[in-house]
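Okay, here's what each chain looks like letter by letter:
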Amino acid sequence: DTAVSQTPKYLVTQMGNDKSIKCEQNLGHDTMYWYKQDSKKFLKIMFSYNNKELIINETVPNRFSPKSPDKAHLNLHINSLELGDSAVYFCASTRKSRGVTDTQYFGPGTRLTVL
Amino acid sequence: SQKIEQNSEALNIQEGKTATLTCNYTNYSPAYLQWYRQDPGRGPVFLLLIRENEKEKRKERLKVTFDTTLKQSLFHITASQPADSATYLCALSNSNSGYALNFGKGTSLLVTP
């Protein structure tokens, strides 16, 4: 059984398009995250949601908009894609709520290529 | 600004030896420090977590130490095997960031037979 799944695994698109990446976790976790891993393999937090509420929004262009329809899902919508958005995007989830931390479980990643 | 540095981008060792990876940080007060393993084309996988009031944690062939005075963590893999070859990521978190992980750039470990 897949714990954290992402779709699609690969996404190739033209500059200026709008695209979405979906994430689902079947672990019953309360908190979900989006991370971006750039070409230099540096992994950086973008957003964090706890029980469908946004709790972290790092310095990310407002072209990126996360949406959490329920605790098990956190989707990432990107408007007006730019070349610099090309990266691997990872979704992650963790069991604990605010105030404590626990291990994070990562999805397999979505490789976004903007042409 | 916060900085998390892993000592080297790449580390090559011979099978059977102990691999030691270093994570140093500045301008940060982590409550937790974690180590993850990442294989090519895959997401990071959790290995060990250590809290700020703990000095050492072990799990099978893995050992992590945490020195908040030196602002450093050491990650050891004993009796290393070629299957241990991967990128190892150090990650820090505290309440300021909602416990989201702040990662170092990783160390690529290659264990040769």
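What about the overall build of chain B?
- On a plain count of helices and strands, chain B comes out with zero helices and 11 strands.
- Along chain B, helices and strands appear, N-terminal first, in the series β-β-β-β-β-β-β-β-β-β-β.
- Relative to the compact-globule value of 13 Å for 113 residues, chain B shows a C-alpha radius of gyration of 13 Å, a close match.
- Projected onto its principal axes, the C-alpha coordinates of chain B cover approximately 45 × 30 × 20 Å.
- Residues classed as buried in chain B amount to 49% of the 113 residues present.
- By sequence separation, contacts in chain B at least 24 residues apart represent 55% of the contacts at least 6 residues apart.
- Carbon and sulfur atoms form 46% of the exposed surface of chain B, whose accessible area is close to 5600 Å².
- A distance of 1 Å separates the average location of the 13 positive side-chain charges in chain B from that of its 10 negative side-chain charges.

Quick word on the packing of aromatic side chains
Residue and element names in this part refer to chain A.
- The full count for this structure, using the stated rule, is 12 aromatic pairs over all chains.
- Ring centres of Tyr-35 and Phe-106 lie 5.3 Å apart, and the angle between their planes is 40 degrees; this geometry places the pair in the tilted category. Of this pair, Tyr-35 sits in strand 4 (residues 31-37) while Phe-106 sits in strand 10 (residues 104-106); the two residues are 71 residues apart in sequence, bridging distant segments of the chain. Each member of the pair, Tyr-35 as well as Phe-106, carries the same accessibility label: buried.

So, the pattern of salt bridges
All names here are of chain A.
- On inspection of all chains with the given rule, the structure shows eight salt bridges over all chains.
- Two residues, Arg-63 and Glu-82, come together in a salt bridge whose shortest N-O distance is 3.5 Å. With Arg-63 in the loop between strand 6 (53-57) and strand 7 (64-70) and Glu-82 in the loop between strand 8 (73-78) and strand 9 (87-94), the pair connects residues that are 19 residues apart, well separated along the chain.
- Residue classification places Arg-63 among the buried positions, given a relative accessible area of 13%.

Digging into the sheet that holds strand 3 (residues 19-25) of chain A
Residue and element names in this part refer to chain A.
- Strand order across the open sheet formed by four strands is 1-3-8-7, with antiparallel pairing between neighbours. The open sheet has two edge strands, strand 1 (4-7) and strand 7, and neither has a second partner. Ignoring which end each strand starts from, the neighbouring axes of this sheet average 20 degrees apart.
- When strand 1 meets strand 3, the two strands line up antiparallel, connected through four bridges. In the strand pairing of strand 3, Thr-7 is matched with Lys-22.

A short note on the interface of chain B and chain A
- Between chain B and chain A, the contact holds 20 residues from the first and 19 residues from the second.
- Interface of chain B and chain A: buried area, both sides summed, is about 1600 Å²; carbon and sulfur atoms make up 60% of it.
- Applying the counting rule to chain B against chain A returns zero salt bridges.
- The interface formed by chain B and chain A includes three residue pairs in polar contact (both at pLDDT 80 or more).
- Of all the secondary structure elements, the ones that give two or more residues to the side of chain B that touches chain A are strand 4 (32-38), strand 5 (45-51) and strand 9 (86-93) of chain B.
- Sort the elements by how many residues they give to the side of chain B that touches chain A and strand 4 of chain B lands first, with four residues.

Focus on the side chain of Ser-93 of chain A
Residue and element names in this part refer to chain A.
- Looking at the secondary structure, you find Ser-93 in strand 9.
- Here Ser-93 falls in the buried class, since its relative accessible area comes to 0%.
- A polar contact is formed between the side chain of Ser-93 and the side chain of His-29, at a distance of 2.7 Å.

Thoughts on the side chain of Gln-34 of chain B
- By the secondary structure assignment, Gln-34 of chain B is in strand 4.
- In this structure Gln-34 of chain B comes out as buried when scored by relative accessible area, which is 0%.

Calculation criteria
- Residues numbered from 1 in each chain as written.
- Chains lettered and ligands numbered in written order.
- Predicted model: local features only at pLDDT ≥ 70, side-chain atom pairs only at ≥ 80, totals over all residues.
- Heavy atoms only, no water.
- Helix = DSSP H or I, 4+ residues; strand = E, 2+ residues; numbered from the N terminus.
- Rg over C-alpha atoms; globule rule 2.2 N^0.38 Å.
- Buried < 20%, exposed > 50% of the residue type's maximum accessible area, 1.4 Å probe, protein only.
- Contact = heavy atoms within 4.5 Å.
- Areas by Shrake-Rupley, 256 points an atom, 1.4 Å probe, with all protein chains shown as cover.
- Lys, Arg positive; Asp, Glu negative; His and termini not counted.
- Charge placed at Lys NZ, Arg CZ, Asp CG, Glu CD.
- Phe/Tyr/Trp six-rings, centres within 6.5 Å; stacked < 30°, edge-to-face > 60°.
- Salt bridge = Lys/Arg side-chain N within 4 Å of Asp/Glu carboxyl O.
- Pairing = 2+ DSSP bridges.
- Axes fitted to C-alpha atoms, helices over the stretch in contact; angles between N-to-C directions.
- Buried area = accessible area lost by both parts, 1.4 Å probe.
- Polar contact = N/O pair within 3.5 Å; in protein donor to acceptor, adjacent residues only side chain to side chain.

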